[in-house]
Amino acid sequence: MKNRYQNKEAKALIARYRRQGVAADMALRIYTSRLLGAEKSLVIHGGGNTSMKTKVTDASGMEFDALCVKSSGHNLDALEPDDMTVLDLSLLSGLKKLKSLPDQDMIKALSRAKMDPAQPNPSVETLLHAFLPDAFIDHTHANAVLALTNQPNGKQLCEEVFGDRAVVVPYAMSGLALAKKAVAAQRRHPNIHGIVLMCHGLFTFGKTAKESYTRMIRLVSQAEKRLKGKGKKVFAASATPKKLLPVAHVAPMVRGALSRGGSWILDFRTSDSIRQFVGGKDLARYAQAGPVTPDHVIRIKPKPLILPPPKVGGGNFQKELLKEAARFSDRYRAYFEKHNRRHGGDKTMRDPTPRVVLVPGLGLFGVGETTRIAAIAADMAATNIDVITAAEGIGTFKSAGEKNMFDIEYWALEAAKLGAAKVPPLAGRVAVITGGGSGIGAATAKAFADQGAAVAVMDLDGKAAIDVAASVGGFGLGCDVTDAQQIERAFDAIAEIYGGVDVVVSNAGAAWQGEIGSVDKAVLRKSFELNFWAHQTVAQNAVRVMKAQGVGGCLLFNTSKQAVNPGADFGPYGLPKAATLFLMRQYAVDHGKDGIRSNAVNADRIRSGLLTNGMIASRSQARGLTAENYMGGNLLGEEVLAEDVAKAFVDLALSLKTTGAVMTVDGGNIAAALR
Ligand code: ZN
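1. Some words on the coordination of the zinc ion
Binding of the zinc ion to the protein goes through Glu 125 (OE), His 139 (NE2), His 141 (NE2) and His 200 (NE2), at separations of 2.1 to 2.4 Å. Coordination at the zinc ion is irregular, judged from the four donor atoms that bind it and the angles of 79 to 160 degrees they form at the metal. All donors to the zinc ion come from one chain, and their sequence spacing reads E-x13-H-x1-H-x58-H. Taken together, the positions of His 139 in strand β4 (residues 136-140) and His 200 in the loop between β6 (194-197) and β7 (201-206) put the pair 61 residues apart, joining distant regions of the chain.

2. Points about the environment of Leu 127
Mapped onto the fold, Leu 127 is located in helix α5 (residues 126-131). A residue is classified by how much of its surface remains accessible, and Leu 127, at 2% relative accessible area, is buried. When the C-alpha atoms of Leu 127 and Ala 113 are compared, they prove to be 11 Å apart, with 14 residues separating the residues in sequence. What Leu 127 contacts, discounting residues up to four positions off in sequence, is Leu 92, Leu 95, Leu 101, Met 106, Leu 110, Gly 175, Leu 176 and Ala 179.

3. As for the packing of aromatic side chains
Taken as a whole and assessed by the stated rule, the structure comprises 14 aromatic pairs. Here the aromatic cluster, defined as three or more aromatic residues joined through ring pairs, consists of Tyr 332, Tyr 335, Phe 336, Phe 406 and Tyr 410. Above the ring of Tyr 17, the side-chain terminus of Arg 16 is found at 5.3 Å from the ring centroid. Of note, Arg 585 hangs over the ring of Phe 582, and the distance from its end group to the ring centre comes to 5.1 Å.

4. Considerations on helix α7 (residues 154-162)
Owing to its 3.6 residues per turn, the α-helix brings residues three or four apart onto one side. If you check which residues of α7 are buried, you get Gly 154, Leu 157, Cys 158, Val 161 and Phe 162. The buried residues of α7 occupy an angular sector of 110 degrees when the element is viewed end-on, so they sit on one face. Residues of α7 that are buried make contact with α6 (143-149), β5 (166-169), β6, α9 (209-227) and α15 (371-394). Note on α7: the residue one or two positions beyond its end, Gly 163, has a positive phi of about 55 degrees.

Rules used throughout
Residues numbered from 1 in each chain as written. Predicted model: local features only at pLDDT ≥ 70, side-chain atom pairs only at ≥ 80, totals over all residues. Heavy atoms only, no water. Donors = N, O, S within 2.8 Å, 3.2 Å for Na, K, Ca; no water. Tetrahedral: all angles 85-135°; square planar, octahedral: opposite > 155°, others 65-115°. Helix = DSSP H or I, 4+ residues; strand = E, 2+ residues; numbered from the N terminus. Buried < 20%, exposed > 50% of the residue type's maximum accessible area, 1.4 Å probe, protein only. Contact = heavy atoms within 4.5 Å. Phe/Tyr/Trp six-rings, centres within 6.5 Å; stacked < 30°, edge-to-face > 60°. Lys NZ or Arg CZ within 6 Å of the ring centre and 35° of its normal. Arc of directions from axis to C-beta.

In structure tokens, the structure reads:
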């Protein structure tokens, strides 16, 4: 592992922070913490932590010894001085003489030691940082070190590799007991540079940030050297069929099987090494031995769901998948009940849905309530695969074990990292919006994202789609919805990115005008291509994915007021829209049995790329009105905005017992009322 410390960079950061009133030792603490965080094989997603002992002056001018330690849940790669919780070191040192310290008392002690009560809770490993004497302490869950410790003979291996530079401490949960053990070990070996925690990670220490960091990199490099060249062709391959279903077809089935107990976003990952891992004959053994370091368990559970290879033409994959998913939940319940008894039955079971799904031949899916959480699960699964592969390359992978995993998974201090976020109503749902690059479509993309949905934005203008998607954290792609192949590819791409589709807002459209008795046939046909046929092809693809999921879905069509109340010379636009209104009803009739709802929004007079200022001028003229009267010419006398239409789409998506309905968003227009 490369030592990334550069004096020039360090000095620049000291200078920058000095201007903000941050001391040089803290600037260096932040600098090397970020260097550790930048190395994904050392720490991911809030794992690992760093600390510094220094002198601090409080408001009364009194100076005292402080421990600044990374707050729980922050990522090292983007650490800022404010993310370091400042604690009164002498209060913490006083805990050393205690025989035991229950969780609740430890939380109280840490809270009391906080210099600023408003600061977040410090890392659960704070006591270890407090008790070790060195000024700077670094802690990582280095992949290479875990590959050594997670072995039946892990202790011996580590002693061989690290010699007298590090001492090995047996696995224990973070807290007083572990901190005391670590300090005792360090006292017995005062010249060591680090402490290896079995099945957990590595601590290094030093007089300066640079020294502690350099020792971390050096020890990890020693571990890497021991593993070098051993991670190739580790797993004997199982007999995977040659022809497999594509990810785009497998993902909705997986998502559907999991979504029987909630709504989930999938994040698919694959690579040669992932496929080698999931294709191994002994997959059930090494993949289910448990996460490589305990803090992963709150994100990926003690075990992944393992599926059979998705054989083409086998026909049984979906059946097997449903069976395996149900079996996973049953086993999780049994695991919970068994270990909860040990705790006197005081825990509440977390949801039993797998967070990692392994598919031989294809790769892995991370599973989460949002795209971000699914990505974290996928990142952790990939890290676990790296470590387990390295461990199996030199021996046999062994984790801290089920009992220890449960104790971490159901440890209040660890669960606190997940936060108690309020779940928005469309969390875990995937919404696709066609014509989402501007106007009503863009407003709709934002409205769905605001309700927690993962949003895919399609538009003829690919750049506009990507820009709108980026503004709402979604996925954007160019797609001409009058081209059936492009639509199929777009739905496949969305299934690969998010796992499937729940809501489709078929919104793309354009207005053509012409007196119906003389209009060119080509104009009318062109309008039908976009304003009717594209809706049909989009809806058909949506139904294909929704049926593969088997958990229903929601189709929403933008049919416009023209569908029921024709305007003069607007036949080329209104006619296909009227057909689309009936298309909506036909989907409601034919696919109600599949749990797929179908509804429409009749909007009128929304300023957009479709109803441009030029168009407003000509439409208002056709009705003998000024542009202003035309736009506000409704019962409420107010202009209707794209955001009003977007809200109607969201409302219909949330109205679970409504299908075959039209919602009017026109400020009130009795001539366009449906009945
Ligand atoms: Zn740790």
